[in-house]
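Close look at the chain arrangement
Below are the chains, spelled out letter by letter.
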Amino acid sequence: MAEISLLDCTLRDGGYINDWDFGYDTIKSILDKLVASQVDYVEIGFLRNCAYDRNKSVFNNCEEMKPVLPTERGNTRFSAMALHNTYDLDKLEPYDGKTIDLIRVTFHDYDVEEGLAFIRRVKEKGYQVSCNPINIMGYSDEQILKLLARVNEIKPAAFAIVDTFGSMMKQDLLRIYSMVEHNLDPSIAIGLHLHENLALAYSLAQEYISIRATGRKSIIDASMLGMGRVPGNLCMELIMDYMNKQQGCNYNVNPVLDGIDDHIVQLRQIEPWGYNIAYALSAKYNLHRNYSEFLLGKGRLRAKQINQILSRIEPGKKTSFDKEYIEKLYLDFQSIQVDDAALLQRLEREIAERNVLVIAPGFSIREYEEKIDRFIEEKRPVIFSANFVPEHYRTDYTFFSNARRYETYKDRQKAEKIIVTSNLLNLGCETHNVVNYSEVSFSEKGNCDNCMIMLLRMLQKLGGGRIFLAGFDGYQEKGNNYVSAHMASPHTKGEEENMTLRRFVQDLESRMQLEFLTPSHYETT
């Protein structure tokens, strides 16, 4: 092993983007290109209890790896990763030097003993082993020192500084590296695995190279184009070029660039990785990334609101994702209580014995414009719009429950004609027309914070007569979902969302008179 080695983890860490389904030919091509680049190590995927599929970079044992491994390997060696509680070591053959040389073992701070025991067993089978504790930023100095003492007893080939949540800054790297360097057995290499939450991976890798002690072997992880679970990893092509220029290495970057062009760029269409403010916020609080993903998936929060919710997560909940816990924080955050009695009484008087038209931003309001115009002229309804201000129609009220839409449209409607749900008070919105979020998002049929469902629930409470709906189209995979393209959200859940909303519409139809003026996925008759 050179003093500084590079390990490519595209096929392992990158697999979070495509469920490790790269395809057999693509896996072989990527491995061939990485061997041609003369990278030191290639991690070909996970060792995991699985149903073997040759198109995926997940394996039960080394025998399953043989079909994809290159015949000519040059000086490149191969590795795989195993999470100790997702892989049965009885499946792993004794080391024979024909497949992988290194197995990297990962574990959490709450199951250190189990992880170390797993490492001992892998080492007994003859493999080199790297100890890769998850989220070293979550360890106290005392915990790190205790862990290093235990690692020294086992003497694996490497111990990795893994910035799982991408929260590491320069001063953190200096502190942790100093502890590891001065307390880890000199024979054990130090690894570095960085994530791009704060867009610091390339900078931190350079810093690590500059401060590392000579004589100590090091392994730096990277992936092609930084491919990995959003926001991604250190870019292999960048660190290779840096090592060539600054460390006198001889990596061939061109095959990596070819691999990016041939395979990686198109995979980015599945889920674009790279810097994202929500993941920067999760790094700010050193949180499990799934908390940010959960809040992003709501599609209704501004970044500053995500920041406010993440800041409330208790220390004991940071490392492991707790869906019920974050769901409660989200609902508590949204459920600001107000006295909306006067508003509801006024609205009840206004819509009494009148038809009500609710306009949603579906594309059908453009296609059925003449029909809607004719209805308005004949029926003279009270008109509400949901989360947008229509260009073609003069509405009596605009109902907002979505922070993004409110900030986009608030200046296009008179303040007295805007109704907001109380969760938007976190934005400091200036309006007296506020209804309780909890009252319109909850019912005995469950919670739903879709704007149209909440608006209809409010109207149902007012005892309105017939409610006519336009633009409540539902989601479709192809074609236009919205009357304006800028309304499209990357967090739309497609048919899953359609099915959920259809159930809520059916419930509302049992309680009030609904009639669709434009085609909708939610029509039940």
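See above for the structure.
A short tour of the structure in this document, coming up.

Criteria and cut-off values
Residues numbered from 1 in each chain as written. Predicted model: local features only at pLDDT ≥ 70, side-chain atom pairs only at ≥ 80, totals over all residues. Heavy atoms only, no water. Buried < 20%, exposed > 50% of the residue type's maximum accessible area, 1.4 Å probe, protein only. Helix = DSSP H or I, 4+ residues; strand = E, 2+ residues; numbered from the N terminus. Pairing = 2+ DSSP bridges. Core = buried A, V, L, I, M, F, W, Y, C linked by side-chain atoms within 4.5 Å. Expected span 1.5 Å × (residues − 1). Contact = heavy atoms within 4.5 Å. Axes fitted to C-alpha atoms, helices over the stretch in contact; angles between N-to-C directions.

1. Focus: the pairing of strand β16 (residues 513-516)
Side chains on a regular strand alternate between the two faces of the sheet. Alternating positions in β16 separate cleanly, L514 and F516 being buried on one face and Q513 and E515 remaining unburied on the opposite face. In terms of strand pairing, strand β15 (residues 466-470) meets β16 through four bridges, oriented parallel. The residue bridging F468 from the neighbouring strand is E515, located in β16.

2. Notes on unusual backbone geometry
Here the amide bond leading from V230 into P231 is cis, since omega sits at 15°, within 30 degrees of zero. Along the polypeptide, P231 turns up in the loop between β9 (218-222) and α8 (236-247). Unusually for a residue other than glycine, D19 sits at a positive phi of about 60°. Structurally, the position occupied by D19 is in the loop between α2 (15-18) and α3 (24-36).

3. A closer look at the nonpolar core
Grouped together as the largest cluster of nonpolar side chains are 165 residues, with contacts concentrated most on F159, I239, L357, V358, F384, M458 and L459. Here this core takes eight residues from helix α19 (residues 451-461), the largest share from any one element. L7, Y41, A189 and I219 belong to the second largest nonpolar core, which has seven residues in total.

4. Quick word on helix α20 (residues 495-509)
In a regular helix each residue adds 1.5 Å, so 15 residues correspond to 21 Å; α20 covers 21 Å between its end C-alpha atoms and thus fits that length. Every buried residue of α20 is accounted for by E497, N498, L501, F504, V505, D507 and L508. Residues of α20 that are buried sit in contact with α19 and β16.

5. Observations concerning the sheet that holds β16
Pairing in this open sheet of seven strands is parallel, and the strands run β14-β13-β12-β11-β10-β15-β16 from one edge to the other. Lying at the two open borders of the sheet, with one neighbouring strand each, are β14 (434-435) and β16. Sheet topology note: the strand β10 (residues 356-359)/β15 ladder contains four bridges and is parallel. Following the sheet pairing, I359 is matched in β15 by A470. Taken strand by strand, α19 contacts β10, β11 (382-386), β12 (397-400), β13 (418-421), β14, β15 and β16, and its axis lies near 150° from that of β11.

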